[in-house]
Amino acid sequence: MKLLMICATFPYPPSRGGTQVRTFNLLKQLSYHHEITFLTQKAEDITTEEIEALKHWVKSLILFPRPANPKTGLLKKFNRFSQFLITGTPPNVSFLYDQSIQKWLDQAVENNNFDAITCEHSVNEIYIRPSYKNKIKTIINSHSSVYRTCKHQLETGTSENFKRDRLYLPLLKRYEKRVYQKFSHIVVTTDEDYQQLKEFKIDTPVSVLPNGVDLDIFPYRKSDPGGHHLIITGGMDYVVNIDAACFFSQDIFPLLRQKYPDLTLTIVGANPAPSVIKLAEIPDIIVTGKVPSMAEYLHKATVCVIPLRSGFGIKNKTLEAMAVGVPIVASDRGLEGMEVDGKNIPLRALRANTIKEYMKAISNLFEDKKLRQTLSKNARYYVENHFTWESLGKEYEKIIMDKCKLR
C-alpha cells in the first residue's frame, strides 16, 4: 500500500514520550511491507540527526514547522475558550493547525496519491475533512479519550485547572462525538475507550489495538536484586506523571520509610518539572532526569510503582516494567487495558489505589521473594504473547488494509 501517516508530534526518537513510542513502532512495522509517506511538524528541539534517522523508515518525510506554544495570560485563555465554544475544536488541537498542511493534503487526496491515511493521535484529526472518506480510507489512531480523561480528573480532584476543565467537559464530549464520525475506522488502545465510543453511539467501526514494547530494548532481567528499592518511571513533564510522583513521594514514601529505613526511590524520566525536582530534597529519593537506558534502571529496582491517579489508555511504562520482569504495584489507571488479576487470570501485578493498599502491596513484595518471582515471570510471559510491536503492527496493517481500494 501507499500510506500517508500524519502526526504533529515528531516520532523520533521513540524514547521521547508515549506518543512517539506508539507512532514510531507502528510506523516501523508498516514500513517493512508498504510505502510510507510521513507528514509531521518540526519543533525547534528536533535535530538534523533525528530527521535523518526517521527518513530511514519512510519513503518520504514531509516536514512543516511546528507552531510555538500558545501564549499565556487571562485574555489569551479567554480567547481560546471562546474559539473552542464557537468552532467546537479544543485549543490544543486548533493551535497546531497549519493551512499549508491542509492545502498539501487536499491536493494529495484529490490526486489519489495514497491508498489510506492514518492520523497517529487524535489531535491530527483537524486535517481530515468528512468528505475524504468518500475517496479514501481514513483511520484515526486515538491514544486515549480526552473526554474520559477530563471527566475522571474532575471526579478524582486531580485536575490541573478545575474551573477550566469543568467548562471544557461538555465541549469535549460534543467534540469527540462529532470528530470520530468523519473517519472510516477508529482505533483505540483499551476496551474502556471502546465502551466510551459505544456510549456515544458512533456508527464508525472501532478496533482495540493496545500499546506494545520492544523486547530488545527492554530485556528480561537476569536476577532479582532484592532489597528495598522502588522506581517510578515516565515523562516527568506530563501532568499525570507529575501528580503520581508527588503523591507517592509525599504521602506514601515517608510511611514506608518508617518500616524500611534503607528504603530508596528513584524517579526516572525526562524533563522533570520543578515540583518533581524538588522531591529530591526528601532523603533517599533520587530524580535522574533523562537516562540512556530505562531498562538498566528498572533492572536495579525491587518494585516498580505506578501510582497514577488520572490519565487513560494503556501505559507504556507498565508494559516496559512487565517486560524486564520487575514486580509492579499499580493503580487501576496504571493497569488499564491489561488483565493482571482476577478469576482464571495468573497474577501479573498487584493493584493499589489507596495509601493503605500501596503500603500492604509493596510490603508483601519486599518480604516475599517467591511472590516477586511469580509476578516477574507471569508479567514477562503476558507481554511476550500479547504486547510485542511486531504482532501489533500486523494487526494495524489488517485494519488499514481491510476494504482498502488498492490501485
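Residues numbered from 1 in each chain as written. Predicted model: local features only at pLDDT ≥ 70, side-chain atom pairs only at ≥ 80, totals over all residues. Heavy atoms only, no water.

## Brief notes about the packing of aromatic side chains
We count it as follows: The rule is short: rings of Phe, Tyr and Trp, with Trp giving its six-membered ring, pair when the centres are within 6.5 Å, and they are stacked under 30 degrees, edge-to-face over 60, tilted in between. Helix numbers and strand numbers start at the N terminus; a helix is a DSSP run of H or I with at least 4 residues, a strand a run of E with at least 2. For each residue, the accessible area found with a 1.4 Å probe, counting protein chains only, is set against the maximum for its type, and the residue is called buried under 20%, exposed over 50%, and partly exposed in between.
As enumerated under the stated definition, the model contains 11 aromatic pairs in all. For the ring pair Phe 84 and Tyr 168, a centre distance of 5.0 Å and an interplane angle of 85° mean the geometry is edge-to-face. Of the two residues, Phe 84 is situated in helix H3 (residues 74-87) and Tyr 168 in helix H7 (residues 162-179); the sequence distance between them amounts to 84 residues. Judged by its relative accessible area of 14%, Tyr 168 is buried. Relative to Tyr 358, the ring of Phe 247 lies with its centre 6.2 Å away and its plane at 70°, an arrangement referred to as edge-to-face. With Phe 247 in helix H9 (residues 239-259) and Tyr 358 in helix H13 (residues 355-367), the pair connects residues that are 111 residues apart, well separated along the chain. For the pair Phe 247 and Tyr 358, one class covers both residues: buried.

## Comments concerning unusual backbone geometry
In this structure, Pro 13 follows Tyr 12 across a cis peptide bond, with omega equal to 0°. Among the structural elements, Pro 13 can be located in the loop between strand S1 (2-7) and helix H1 (18-31). The phi dihedral of Asn 112 falls on the positive side, at around 55°, and the residue is not glycine. For Asn 112, the location among the structural elements is in the loop between helix H5 (99-110) and strand S4 (116-120). With a relative accessible area of 40%, Asn 112 lands in the partly exposed category. For Lys 201, which is not glycine, the phi torsion reads 60° and is therefore positive.

## Quick look at the sheet that holds strand S11 (residues 303-306)
Our working rule: A pair of strands is treated as paired once DSSP finds two or more bridges between them.
On the basis of which strands lie adjacent, the open sheet formed by six strands has the order S10-S9-S8-S11-S12-S13 and parallel pairing. Looking at strand neighbours, the two that pair on one side only are strand S10 (285-289) and strand S13 (350-351), the edges of this open sheet. Sheet topology note: the strand S8 (residues 229-233)/S11 ladder contains two bridges and is parallel. Within S11, the position partnered with Ile 231 by the bridge is Cys 304.

## Things to note about the pattern of salt bridges
Note the cut-off: For salt bridges, the criterion is a side-chain nitrogen of Lys or Arg within 4 Å of an Asp or Glu carboxyl oxygen.
Across all of its chains, the model carries 18 salt bridges by this definition. Between Asp 165 and Arg 164 there is a salt bridge, with its nearest N and O atoms 3.0 Å apart. The partner of Asp 224 in a salt bridge is Arg 221, and the shortest N-O contact between them spans 3.9 Å. In this structure Asp 224 comes out as partly exposed when scored by relative accessible area, which is 24%. Take Arg 221: its relative accessible area is 7%, and that puts it in the buried class. When salt bridges with common partners are traced through the structure, they connect Arg 148, Asp 193, Arg 333 and Glu 336 into a single cluster.

Shape is all these values report; function is a separate question.
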